Amino acid sequence: MIDKFEKLSRDFAAHAPKVDYWSLRLLSRHKSSIHFRQNLLQPMTNSFDCGAFVTVKTANAAAYAATSDISLNGLLQAANTAKNWAMAVKNHQLLSHGISEIDQRGEYHSPLQEDVAQSSQSELIEWVGNACAQLKIHAKIVDWQAGQSHINHLAIPKTLNK
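### Side note on the overall build of the protein chain
At step 1: Counting secondary structure elements, the protein chain contains 3 helices and 5 strands.
At step 2: From first element to last, N terminus to C terminus, the protein chain shows the α and β order α-β-β-β-β-α-α-β.
At step 3: Burial statistics for the protein chain: of 162 residues in total, 27% are counted as buried.
At step 4: Looking at the protein chain alone, contacts between residues at least 24 apart form 67% of all its contacts between residues at least 6 apart.
At step 5: As displayed, the protein chain has an accessible area near 11300 Å², and 52% of this comes from carbon and sulfur atoms.

Rendered as structure tokens:
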């Protein structure tokens, strides 16, 4: 997915609308979850989300658009939508001195004590099931549940200043 996003961001840069500044953020997220309720395994879930967020600055105004169409045409359509919104609101800005670009760079990695992604599905089911079984510590507890989710999140940002 990283290679696909890198190529897509390069293609977008080559065809992006002519504006003073643009920012593209491509996102991909895969989530899998295991849950027990009252010591019963619930249906396991998997979800996959993918999309893009485009911000543009032109004529001293800024706007954004988001899309789940991560083809080059989808990204260009989102960029043109953002550009049109920026042009529509350029005379209605709250800040008369304009908008400055933010060029922040950083990196973040979650602290990981044990890599759950390396565990087998049966190991995770056993682990969550054991955790759930330990929650019913009194007869007055009528509902209890335990769960585990694994999220793999990828974000590729790209910006261009004139």
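### As for the nonpolar core
At step 1: The biggest cluster of nonpolar side chains holds 23 residues, and the ones touching the most others in it are Phe 12, Trp 22, Leu 24, Leu 26, Val 54, Val 56 and Leu 75.
At step 2: The residues touching Leu 75, leaving out its near neighbours within four places in the chain, are Leu 8, Phe 12, Leu 24, Leu 26, Ala 52, Val 54, Thr 67, Asp 69 and Ile 70.

### Things to note about the packing of aromatic side chains
At step 1: Under the definition given, this model contains 2 aromatic pairs.
At step 2: Each ring, one from Phe 12 and one from Trp 22, has its centre 4.9 Å from the other, and the planes form 90°; the classification is edge-to-face. You can see Phe 12 sitting in helix α1 (residues 2–15) and its partner Trp 22 sitting in strand β1 (residues 21–37), a full 10 residues away along the chain.

### Details of α1
Given 3.6 residues to a turn, an α-helix orients residues that are three or four positions apart in the same direction.
At step 1: With 14 residues, α1 ought to run about 20 Å at 1.5 Å a step, and its terminal C-alpha atoms sit 20 Å apart, in line with that.
At step 2: When we look at burial in α1, the residues that qualify are Phe 5, Leu 8, Ser 9 and Phe 12. Within α1, the buried residues cover an arc of 100° as seen down the axis, which keeps them to one side. Exposed side chains of α1 directed beyond 90 degrees from the buried face belong to Asp 3 and Ala 14.

### With respect to the layout of surface pockets
At step 1: The computed volume of the second largest pocket comes to approximately 170 Å³.
At step 2: Lining the second largest pocket we find 13 residues, and of these Ser 32, Ile 34, Gln 121, Leu 124 and Gln 148 sit closest to its centre.
At step 3: Residue assignment for the lining of the second largest pocket shows that the elements contributing at least two residues are β1, β3 (45–58), α3 (121–133) and β5 (145–161).
At step 4: When residues of the lining of the second largest pocket are assigned to their parent elements, the largest contribution, 3 residues, is made by β1.

Quick notes on the rules
- Residues numbered from 1 in each chain as written.
- Predicted model: local features only at pLDDT ≥ 70, side-chain atom pairs only at ≥ 80, totals over all residues.
- Heavy atoms only, no water.
- Helix = DSSP H or I, 4+ residues; strand = E, 2+ residues; numbered from the N terminus.
- Buried < 20%, exposed > 50% of the residue type's maximum accessible area, 1.4 Å probe, protein only.
- Contact = heavy atoms within 4.5 Å.
- Areas by Shrake-Rupley, 256 points an atom, 1.4 Å probe, with all protein chains shown as cover.
- Core = buried A, V, L, I, M, F, W, Y, C linked by side-chain atoms within 4.5 Å.
- Phe/Tyr/Trp six-rings, centres within 6.5 Å; stacked < 30°, edge-to-face > 60°.
- Expected span 1.5 Å × (residues − 1).
- Arc of directions from axis to C-beta.
- 1 Å grid on protein atoms, 1.4 Å probe; cavity = no way out; pocket = protein on both sides within 12 Å on 5 of 7 lines; lining within 4 Å.
- Points joined across faces, edges and corners; volume = space filled by probe spheres on them.

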